[in-house]
Amino acid sequence: MADPIRTQVLVVGGGPGGYVAAIRASQLGLDTVLIEVDRLGGTCLIRGCIPSKALIHVAGQFEAMVRATGQGVHGIVLNAPPSIALSETVRWKEGVVDKLNAGVAALLKRAKVRVIKGWATFSNGKTCSVDTAEGKLEVTAEHVILANGSLPVALPNIPFGGPVISSTEALMLDALPRRLVVIGAGYIGLELGIALRKLGAEVTIVEALDRILPLYDPPLVEPVRRWLEKNGVTVHLEAKALSVERIGDSAHLIAETKQGTKRLPADKILVTVGRRPNTQGWGLESMAVDMDGRFVKTDDQCRTSMRNVWAVGDLVGEPMLEHKATKQGEMVAEIIAGHRRRFEPASIPAVCFTEPEIVNAGLLPSDKAAKDAVVTLFPFSANGRALSMDAAEGFVRIVSRKDNHRILGIQAVGAHVSELSGEFSLALEMGAVLEDIAGTIHVHPTLGEAFHEAAWRALGQPIHI
Ligand code: NAD
């Protein structure tokens with residue numbers, strides 16, 4: 001065994017929560033070690049957000065070409081339909097991932113973080129043994145930051161393997177499945193289901209609840225529902241995936257639907273029924289930290305119940321979003337360095353990269369705390385930029401207090417609205433009132449004008465509607 005390492009800060013996990021915590025800690029003068037068994041970048045960069053957005057981008061381009069075939073669209077005419085070589089798409093996507101992965105490695109190196117490639121197993125709160133290619137290594141730290149992330153949830157009767165895949169395999173397909181069945185109409189199921197539909201797969205979705213994207217209210221989800229309907233995606237709501245019958249490489253999903261038991265033929269069955277915190281197999285039980293259900297319990301500074309053991313990101317609860325993890329990682333490093341910080345964002349905005357996209361920041365009209373709020377929306381059908389992109393579907397919506405006009409929540413659904421999420425968050429974080437948004441010049445012609453107009457509308461003085 002090599003000589004034991006002693007360090008001030010030990011970070012476990014090289015995903016967005018972990019690598020940001022490590023860089024920040026090192027920048028603040030703390031001697032920092034980061035342990036990661038896989039490639040640097042974590043779920044988001046290697047097998048989640050980034051590769052899925054690359055696939056979604058290609059799928060959008062492909063679909064536009066399909067629409068231009070034959071009759072043409074807006075004067076563009078393709079004489080023959082496009083074809084897709086998915087293995088080429090996957091190779092390009094891997095190039096994007098490689099670039100970002102190398103970028104993270106370079107950032108850690110520049111910050112002088114010591115990165116150890118291996119699997120860490122804790123024997124107590126501050127000590128772990130790391131299995132590396134060169135053998136075992138013991139690391140002891142004054143502070144430990146746990147950023148172990150999450151894993152896809154498997155269904156007991158429909159285990160992963162063969163045609164049953166998780167989002168990880170869905171992002172590495174070398175050929176398009178002719179028939180795809182998706183279990184779970186949440187973020188991942190819809191983002192990937194829609195992308196693969198655009199590329200030409202026949203898609204069927206099986207969802208246990210009575211609507212798609214159950215986190216959001218029906219008006220926000222309606223444009224996505226319409227897209228699915230218009231594009232021939234079959235959606236079974238209040239349906240239960242029971243089991244799989246395998247026939248060679250393909251399969252049937254047996255599902256209990258409102259129309260009775262169905263055998264849904266599939267070349268691939270994509271299971272996207274949520275993710276679970278990665279709490280097993282690395283000695284968490286030896287660390288004596290309290291749990292909060294399946295998550296590691298933390299306070300608003302990401303402290304666990306064990307002194308100087310911290311936890312961030314997917315490990316500590318919903319929402320399992322990259323930008324929550326990075327903010328927490330950065331904060332913990334600063335607290336260890338002596339800064340006064342707390343994790344109390346006005347909102348953790350979320351974007352669903354469906355067709356069209358959905359953004360939510362702050363309170364939804366259906367939230368209890370928004371019971372007496374005023375809800376106002378401005379439709380993209382009255383926005384010049386949206387019309388000039390042939391994207392009139394959707395709206396921006398503001399939830400505001402009746403008495404002092406304080407903005408409590410902002411949502412949007414429409415093409416490219418993900419790019420409005422920063423402005424929405426900033427407005428909430430700065431405690432904006434309707435007059436702040438109405439009084440801010442928004443560039444014409446942009447989609448952001450719909451936010452400006454929604455604020456004017458909430459003040460009872462709309463110009464363009
Ligand atoms: P999810 O929680 O978003 O959706 C899971 C869906 O599966 C739910 O609608 C649920 O009702 C349904 N379901 C559960 N069990 C089922 C069953 N047995 N049969 C049929 N339906 C069933 O989970 P996800 O889509 O797997 O995403 C996991 C996490 O990843 C999310 O928490 C999200 O935060 C994150 N994520 C975020 C983004 C983004 O920010 N754009 C994208 C992808 C994933």
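So, how was this worked out
Residues numbered from 1 in each chain as written. Predicted model: local features only at pLDDT ≥ 70, side-chain atom pairs only at ≥ 80, totals over all residues. Heavy atoms only, no water. Near = heavy atom within 4 Å. Polar contact = N/O pair within 3.5 Å; in protein donor to acceptor, adjacent residues only side chain to side chain. Areas by Shrake-Rupley, 256 points an atom, 1.4 Å probe, with all protein chains shown as cover. Axes fitted to C-alpha atoms, helices over the stretch in contact; angles between N-to-C directions. Helix = DSSP H or I, 4+ residues; strand = E, 2+ residues; numbered from the N terminus. Parallel < 35°, antiparallel > 145°, perpendicular 65-115°, else oblique. Left-handed = near helix turned anticlockwise from the far one by under 90°. Contact = heavy atoms within 4.5 Å. Nonpolar A, V, L, I, M, F, W, Y, C, P; charged D, E, K, R; others polar. Salt bridge = Lys/Arg side-chain N within 4 Å of Asp/Glu carboxyl O. Buried < 20%, exposed > 50% of the residue type's maximum accessible area, 1.4 Å probe, protein only. Domains from an automatic or database assignment. Buried area = accessible area lost by both parts, 1.4 Å probe. Expected span 1.5 Å × (residues − 1). Bend = angle between axes of the 7 residues up to and from the residue. Disulfide = S-S within 2.5 Å. Core = buried A, V, L, I, M, F, W, Y, C linked by side-chain atoms within 4.5 Å. Pairing = 2+ DSSP bridges.

Asks: Please provide a residue-by-residue account of the site of the ligand, values included.
Replies: Every one of the 22 residues lining the ligand counts as a neighbour, but Ile188, Glu191, Glu207, Gly274 and Val351 are closest to it. Here an oxygen atom of the ligand sits 3.2 Å away from a polar atom, N or O, in the main chain of Tyr187. Met320 is positioned with one of its backbone polar atoms (N or O) 3.2 Å from an oxygen atom of the ligand. When the free accessible area of the ligand is taken as 850 Å², the share hidden by the protein chains comes to 80%.

Asks: Quick one: what's the story with the packing of helix α3 (residues 49-68) against helix α4 (residues 86-110), residue by residue and with numbers?
Replies: Interaxial distance between α3 and α4 falls to 9 Å at its minimum, and their mutual angle equals 140°. With respect to α4, the axis of α3 lies oblique. In the packing of α3 onto α4, the handedness of the crossing is right-handed. Along the contact surface, α3 presents Ile50, Pro51, Ala54, Leu55, His57 and Val58, while α4 presents Leu86, Thr89, Trp92, Lys93, Val96, Val97 and Leu100. Grouping the constituent residues of the contact of α3 with α4 by class yields 10 nonpolar, 2 polar and 1 charged.

Asks: Describe unusual backbone geometry, naming the residues involved and giving the relevant values.
Replies: Cis geometry marks the peptide bond from Glu355 to Pro356, where omega comes out at -5°. Assignment of secondary structure puts Pro356 in the loop between β20 (350-352) and β21 (357-362). Cis rather than trans, the peptide bond between His444 and Pro445 has omega equal to -5°. Secondary-structure assignment places Pro445 in the loop between α11 (434-438) and α12 (449-458). With a phi close to 55°, Ala288 is a non-glycine residue in the positive phi region. Along the polypeptide, Ala288 turns up in the loop between β16 (275-277) and β17 (291-292). In this model, His416 sits at a positive phi of 60°, which is unusual for a non-glycine residue.

Asks: Can you tell me about the pattern of salt bridges, naming the residues and giving the values?
Replies: Summed over the entire model, instances satisfying the criterion amount to 26 salt bridges. Of the charged contacts in the structure, one is a salt bridge between Arg39 and Glu94, with a shortest N-O distance of 3.8 Å. Placement of the pair is Arg39 in the loop between β2 (32-36) and α2 (42-47) and Glu94 in helix α4, with a sequence separation of 55 residues. Note on Glu94: relative accessible area 24%, which makes it partly exposed. In this structure, the salt-bridge partner of Glu191 is Lys53, at a minimum N-O distance of 2.8 Å.

Asks: Explain the environment of Ile247 residue by residue, including any values.
Replies: Inspection of the secondary structure puts Ile247 in strand β12 (residues 240-247). Among the residues examined, Ile247 registers a relative accessible area of 45% and is labelled partly exposed. Between the alpha carbons of Ile247 and Ser83 there is a distance of 28 Å; along the sequence they are 164 residues apart.

Asks: For the domain arrangement of the chain, give the residues involved together with the corresponding values.
Replies: Accessible area lost during the coming together of the parts is what is often quoted as the interface size. Assigned domains within the chain: domain 1 (5-152 + 277-336), domain 2 (164-273) and domain 3 (350-458). One C-alpha centre belongs to domain 1, the other to domain 2; they are set 27 Å apart. Carbon and sulfur atoms supply 70% of the area that domain 1 and domain 2 bury against each other, a total of about 1500 Å² over both sides. Counting across the domain 1 and domain 2 interface gives 1 salt bridge. For the interface between domain 1 and domain 2, the tally reads 2 residue pairs in polar contact (both at pLDDT 80 or more). At the level of secondary structure, the elements contributing two or more residues to the side of domain 1 that touches domain 2 comprise α3 and α4. Considering each element in turn, the side of domain 1 that touches domain 2 owes the most residues, 9 residues, to α3. Each residue belonging to the side of domain 1 that touches domain 2 can be placed in one class, and the counts come to 9 nonpolar, 4 polar and 4 charged.

Asks: Would you mind going over helix α7 (residues 218-230) in detail, with residue names and values included?
Replies: With 13 residues, α7 extends 17 Å from end C-alpha to end C-alpha; this agrees with the ideal 18 Å at 1.5 Å per step. Along its length, α7 reaches its greatest deviation from straightness, about 25°, at Val224. Within the span of α7, buried status applies to Leu220, Val221, Pro223, Val224, Trp227 and Leu228. Close packing links the buried residues of α7 with α3, α6 (187-198), β11 (234-236), β21, β23 (395-400) and β24 (407-414).

Asks: Please provide a residue-by-residue account of the state of the cysteines, values included.
Replies: Evaluated as defined, the whole model comprises 0 disulfides. Cys302 takes part in no disulfide bond, and the closest cysteine sulfur to it belongs to Cys44, at a distance of 18 Å.

Asks: Explain the nonpolar core to me, and be specific about the residues and the numbers.
Replies: Generally speaking, nonpolar side chains in soluble globular proteins are found buried as a group. Of all hydrophobic cores here, the largest spans 38 residues; its most connected members are Tyr216 and Ile358. Taken together, the elements giving at least two residues each to this core come down to α3, β9 (179-183), α6, β10 (202-206), α7 and β20. Counting residues in hydrophobic clusters, the runner-up holds 29 residues, among them Ala21, Ile23, Val113 and Trp310.

Asks: I'd love a proper account of the pairing of strand β13 (residues 250-257), names of residues and values included.
Replies: In terms of burial, β13 is largely enclosed, as 7 of its 8 residues are buried. Pairing of β12 with β13 involves 7 bridges; the strand directions are antiparallel. Pairing of Ile247 across the sheet is with Ser250, part of β13. Counted between consecutive antiparallel strands, the loop separating β12 from β13 contains 2 residues, among which Gly248 sits at a positive phi close to 60°. Bridge analysis of β13 against strand β14 (residues 260-266) gives 7 bridges, and the strand direction is antiparallel. The residue bridging Ala255 from the neighbouring strand is Lys262, located in β14. The hairpin turn running from β13 into β14, its antiparallel successor, is 2 residues long.

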